[in-house]
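Chain and residue survey
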Amino acid sequence: MFGILLLVASPLLGAPPASRILIAWNGGAALYLVLTWRLFVTATTEEVRCRACNEDETPWGLLTLVVSAILASLVGIVLAMIESKHGSPFEQNLVAGLAAATLVVSWLMLQTIFTLHYAHRHFGETGEDGEIVGGFKFPGDPPETYLDFAYLSFCMGATFQVSDTNVERASLRNLITAHGAVAYLYNTAILALGINLLSSLIGH
């Protein structure tokens, strides 16, 4: 909703046409990240478990959401860069800066969404005795908050591996594999678009 408001307001604020989609995306995504990370920092173990039982989405729903968000951000960057080619130097530099911010914000969103899902899949499934089944085994202290799963998610997003965390269920291994594949494709796109951005800035 906030992103839509920014999209509507950006022409009134004098934003160049090529930059409006990126302004809206970054604004909406940044608000999502702030609110979600506030939850990560403040939620207790009991709150995480309660949310896991009530709010988790299906794996296919998660994958659809993530892929759609990534494609939307990448398409927005490409369209904005194409449209700004014939604009003023200010517009071109603005779009380049927004495109770089979009790559970073979208990468953070990817890892944040998987952090939520890892935590919910770990705490949300129970056995016949009502005990939490779990599925991720961390060295040392057991996972208790979202921040434990942020560690797992950011390791996957940056290195495509689970580091020192054991994955003990087949369904979670499938989820890890999907995360690694999506992260690899997105990181590759970041590299390609980043090189393009640098070359366009140097060309100015």
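Procedures and definitions
Here the residue index of a chain counts from 1 through its sequence in written order. Reporting in this predicted model follows two pLDDT cut-offs: at least 70 for local features of residues, and 80 or more for side-chain atom pairs to be given and counted; totals over whole chains, interfaces and linings ignore these cut-offs and use all residues. Each side-chain value is derived from all of the structure's non-hydrogen atoms; neither hydrogens nor water enter the calculation. UniProt positions are given in the numbering used here, feature names are shortened, and annotations may be inferred rather than shown by experiment. Runs of E in the DSSP output that reach at least two residues are strands. Runs of H or I that reach at least four are helices, and both are numbered from the N terminus. Helix span is expected to be 1.5 Å times the residue number reduced by one. Residue exposure (1.4 Å probe, protein chains only): buried if accessible area is under 20% of the type maximum, exposed if over 50%, otherwise partly exposed. The criterion used for residue contact is that any of the two residues' heavy atoms lie within 4.5 Å. Within this analysis, patches are made of residues with over 30% relative accessible area and no salt bridge. Like charges are joined at 9 Å or less; nonpolar side chains (Val, Leu, Ile, Met, Phe, Trp, Tyr) at 5 Å or less. Surface exposure here means Shrake-Rupley accessible area, sampled with a 1.4 Å probe, where a residue is shielded only by the protein chains that are shown. In what follows, salt bridge is the name for a side-chain nitrogen of Lys or Arg lying within 4 Å of a carboxyl oxygen of Asp or Glu. The criterion for an aromatic pair is that two Phe, Tyr or Trp rings (for Trp, the six-membered ring) have centres within 6.5 Å, with stacked assigned to planes under 30 degrees apart, edge-to-face to planes over 60 apart and tilted to the rest. Every axis corresponds to a line fitted to the C-alpha atoms, with the helix fit spanning only the stretch in contact, and the corresponding angles, defined between N-to-C directions, vary from 0 to 180 degrees. With respect to orientation, any angle under 35 degrees is reported as roughly parallel, any angle over 145 as roughly antiparallel, any angle of 65 to 115 as roughly perpendicular, and every other angle as oblique. Here the term charged refers only to Asp, Glu, Lys and Arg, the term nonpolar to Ala, Val, Leu, Ile, Met, Phe, Trp, Tyr, Cys and Pro, and the term polar to all other amino acids, Gly among them. By the definition used in this description, the sense in which the near helix is turned from the far one sets the handedness, with an anticlockwise turn below a right angle giving left-handed and a clockwise turn giving right-handed.

Section: the UniProt feature "transmembrane region" (unreviewed entry) in the chain
Sequence positions flagged by UniProt for "transmembrane region" (unreviewed entry) are, in local numbering, residues 24-41, 62-82, 94-114 and 181-202. In residues 24-41, the share of helix is 100% and the share of strand is 0%. The end C-alpha atoms are 26 Å apart. Secondary structure across residues 94-114 comprises 100% helix and 0% strand; the distance between its end C-alpha atoms is 30 Å.

A word on helix α5 (residues 89-124)
Working note: α-helix, 3.6 residues per turn, so residues spaced by three or four point in the same direction. Spanning 36 residues, α5 covers 51 Å between terminal C-alpha atoms, matching the ideal 52 Å at 1.5 Å per step. Most of α5 sits out of view: 26 of its 36 residues are buried.

Quick notes on the environment of Ile 77
With respect to the secondary-structure elements, Ile 77 resides in helix α4 (residues 59-84). By relative accessible area, which is 0% here, Ile 77 ends up buried. Expressed as a C-alpha distance, the spacing of Ile 77 and Ile 21, which sit 56 residues apart in the sequence, is 8.5 Å. In contact with Ile 77, not counting residues within four places along its chain, are Leu 22, Ala 99, Thr 102, Leu 103 and Leu 193.

Concerning a nonpolar patch on the surface
A surface patch of nonpolar side chains, amounting to about 330 Å² of accessible area, comprises Phe 160, Tyr 184 and Leu 185. Along the chain, Phe 160 falls in the loop between α6 (146-159) and β2 (166-167).

What to know about α6
Between its first and last C-alpha, α6 extends 20 Å over 14 residues, near the 20 Å set by a 1.5 Å rise per residue. Listed as buried for α6 are Tyr 146, Phe 149, Ala 150, Leu 152, Ser 153, Cys 155, Met 156 and Gly 157. Residue Phe 160 follows α6 closely and has a positive phi angle near 65°.

What about the packing of aromatic side chains?
One pass over the full model with this rule turns up 11 aromatic pairs. Pairing Trp 37 with Phe 40 gives two aromatic rings, centres 4.9 Å apart and planes at 70°, and the pair type is edge-to-face. Of the two residues, Trp 37 and Phe 40 both sit in helix α2 (residues 20-42), 3 residues apart, roughly one turn of that helix. Judged by relative accessible area, which is 27%, Trp 37 ranks as partly exposed. The exposure class assigned to Phe 40 is buried, which follows from its relative accessible area of 1%. Both rings, one in Phe 114 and one in Tyr 118, keep their centres 5.8 Å apart while their planes meet at 40°; by these two values the pair is tilted.

With respect to the packing of α2 against α6
Pairs of packed helices are described in terms of their axes, by the angle between the two and the distance that separates them. For the pair α2 and α6, interaxial distance at closest approach is 7 Å and the crossing angle is 120°. Comparing their axes, α6 and α2 come out oblique. Residues Trp 37, Leu 39 and Phe 40 of α2 form the contact with α6, whose own contacting residues are Tyr 146, Leu 147, Ala 150 and Phe 154. Residues of the contact of α2 with α6, tallied by class, amount to 7 nonpolar, no polar and no charged.

A word on the packing of α5 against α6
Interhelical geometry of α5 versus α6 gives an angle of 130° and a closest axis separation of 8 Å. Here α6 runs oblique to α5, going by the angle between their axes. As for how α5 packs across α6, the hand of that crossing is right-handed. In this structure, α5 contributes Trp 107, Leu 108, Gln 111, Phe 114, Thr 115, Leu 116, Tyr 118, Ala 119, His 120, His 122 and Phe 123 to the contact, and α6 contributes Tyr 146, Phe 149, Ala 150, Leu 152, Ser 153, Phe 154, Met 156, Gly 157 and Ala 158.

Digging into the environment of Thr 145
With respect to the element layout, Thr 145 can be found in the loop between β1 (136-137) and α6. According to the relative accessible area criterion, Thr 145 is partly exposed, its value standing at 22%. Sequence separation of Thr 145 and Ala 43 is 102 residues, and the distance between their C-alpha atoms is 6.9 Å. Ignoring anything within four residues of it in the chain, the contact list for Thr 145 reads Ala 43, Thr 45 and Val 48.

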